[in-house]
Amino acid sequence: MKREVLFAFSRALLRALSPSYALSPAQWFVLSSALFLAAAGAASARELTLEEALALARWHSFELRAAGAEADAARSAATAARRGRYPTLSLEGRASVLDELISFGFEVPPGISFERELGSKEIVQLDAALSLPLYTGGRISGAIDQAEAASRLKSAMVAATDEQVWLAARVHYFTLDRADNMARAAGSSLERTRIAARNVRSMFEAGAADSIDLLEADLAVAEASFALTRARVERRSAEIRLQILLGIDTGEGLAIPETAPPPDEPPSLAADISGKPQLAAASAGIEAGLAEVRISRADYLPSISLFSRYSIGKPNRDLFEGEWDDYFSVGAGLNWSFNLGNRTGHLTRAAESRVEALRLGRERIERDLSEAARLAGERMRLAWEEYRSARERHEITSANYRLAGRRHAAGDLPTNRLLEIEQSLSSSEAALAAARAGYHIARSGWLYAVGSDELRKGTM
């Protein structure tokens, strides 16, 4: 709300109060100061657009950051799985000292004997080996597919968390907008009842109204004043909830720009849930399960690898001289093992059963998402109808109140009937304010249900 509008409202409120209540100069000063401070505080409130709210909610979301960290970990795990195709270099070194060596002796006729020691008391051995997996039966490729599927699943979960953050930001934003409109409606109602009370007081002084009319008018003012207080408290509560969601200091005021009204035509309910991240996550889970099946079946097949090795040491191969010796070797290795209890077969069948369960789970998720999208569409259509009905009711009650005001001024309408009509107008204003924001909340729910890209945009 602009500063000029707030000051004008303050002056109008002071003028409205002056005929009804006799205040001392000090009380007028305190009241004027309070209204000025309220106007200054509201004028300095931070104006927050929907686009800014969506960006702040995404930046502040701890859940989204946690999901992003898990996605980063999954991508690193997929990269590590792909590195399984690379050669492996291993180094080994050791040094030791023996207190004695094994020796042997023999005697050659006539009377000649020989005695030799095996090895060296000082042992130094260095080995470097390079191995390359040539064939693993699908173990490495299965692990890669499984890790990449897990990475896609985590990325889909990030997208799902994104949608939840955007939906929460929209709902809280339009809830504050609704509270704003409700507070304005309550303020308008209070202003009307005070004007009516002032008119009744004037008529009472002229002898055209009795004390009952005066009491009814004062009661209406008290009820409207409490309704405004309650609307302001609810507005502040909605503001705090939005500030917490966005990570904004709760001591800072927020001002919501005027939101666009719902369209004149009924909204379209065309729904396509194929882009929902929950479906992508379920599909990635199935792919990870299929990779697990391939890994289990790989235990039926051998593993073949190439290797090369360089060895240097003392004494190494020279067991008699104890001198430094080195050599280089290349070759291939085969490893093939079987569990005689058919452990591999049982593990494979267990993995296949899990894949079937995942497929059924995806079908259930797709069905639930389709139903949720249809229900969200119907709620949006109902919200649009509610807004249209509230707008028509507000137009009728506004015209009725204007006519009732003229009749009351002419003495043709009793005070209690005028106040009843004012209550009807206030109710229609509140209903219109709630219906307008309610449509945008329902539409946000529909955008979330169908996975629309408009959910993250700042458009109405």
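Residues numbered from 1 in each chain as written. Predicted model: local features only at pLDDT ≥ 70, side-chain atom pairs only at ≥ 80, totals over all residues. Heavy atoms only, no water.

Visitor: What's the story with the packing of helix 3 (residues 50–60) against helix 5 (residues 139–205) in this structure? I'm lost.
Guide: The angle between the axes and the distance between the axes are what describe a pair of packed helices. Running from amino to carboxyl end, helix 3 crosses helix 5 at an angle of 135 degrees, the nearest separation of the two axes being 9 Å. If you check the angle between helix 3 and helix 5, you find them oblique. Pair helix 3 / helix 5 crosses with right-handed handedness. Judged by residue contacts, Leu 50, Ala 53, Leu 54, Ala 57 and Arg 58 of helix 3 engage Asp 162, Val 165, Trp 166, Ala 169, Arg 170, Tyr 173 and Phe 174 from helix 5. In the contact of helix 3 with helix 5, the residues fall into nine nonpolar, no polar and three charged. (Axes fitted to C-alpha atoms, helices over the stretch in contact; angles between N-to-C directions. Helix = DSSP H or I, 4+ residues; strand = E, 2+ residues; numbered from the N terminus. Parallel < 35°, antiparallel > 145°, perpendicular 65-115°, else oblique. Left-handed = near helix turned anticlockwise from the far one by under 90°. Contact = heavy atoms within 4.5 Å. Nonpolar A, V, L, I, M, F, W, Y, C, P; charged D, E, K, R; others polar.)

Visitor: I tried to follow the packing of aromatic side chains on my own but got confused; where do I start?
Guide: The description of an aromatic ring pair uses the distance of the two centres, along with the angle that the planes make with each other. Enumeration over the complete set of coordinates arrives at two aromatic pairs. The interplanar angle of 40 degrees and the centroid separation of 5.4 Å between the aromatic rings of Trp 336 and Phe 338 together place this pair among those described as tilted. Its end group placed over the ring of Tyr 448, Lys 276 keeps NZ or CZ at 4.1 Å from the ring centre. (Phe/Tyr/Trp six-rings, centres within 6.5 Å; stacked < 30°, edge-to-face > 60°. Lys NZ or Arg CZ within 6 Å of the ring centre and 35° of its normal.)

Visitor: Can you walk me through the nonpolar core in this structure?
Guide: Proteins that are soluble and globular tend to have nonpolar side chains buried together. Of all hydrophobic cores here, the largest spans 36 residues; its most connected members are Leu 48, Tyr 173, Leu 176, Leu 242, Leu 246, Leu 254 and Trp 446. For this core, the secondary structure elements donating two or more residues are helix 3, helix 5, helix 6 (211–246), helix 8 (343–409) and helix 9 (415–450). Setting aside anything within four residues of it in sequence, one finds Leu 176 in contact with Arg 235, Ala 238, Glu 239, Leu 242, Leu 254 and Ile 256. (Core = buried A, V, L, I, M, F, W, Y, C linked by side-chain atoms within 4.5 Å. Buried < 20%, exposed > 50% of the residue type's maximum accessible area, 1.4 Å probe, protein only.)

Visitor: So what exactly am I meant to see when it comes to the pairing of strand 5 (residues 122–135) here?
Guide: Where strand 2 (residues 88–97) meets strand 5, 10 bridges bridge the pair, whose relative direction is antiparallel. When the bridges of strand 5 are listed, Ser 90 appears paired with Ala 129. Bridge count for strand 5 against strand 7 (residues 303–314) is 11 bridges, and the pairing is antiparallel. Looking at the pairing, Asp 127 lines up with Ser 311 of strand 7. (Pairing = 2+ DSSP bridges.)

Visitor: Honestly, unusual backbone geometry in this entry has me stumped. Any pointers?
Guide: Trans peptide bonds make up most of the peptide bonds, and negative phi angles are found at most residues other than glycine. With an omega dihedral of 10 degrees, the bond running from Lys 314 to Pro 315 counts as a cis peptide bond. When you line up the elements, Pro 315 lands in the loop between strand 7 and strand 8 (325–335). Of note, the phi angle at Asn 342 is positive, near 60 degrees, even though the residue is not glycine. Relative to the helices and strands, Asn 342 is located in the loop between strand 8 and helix 8.

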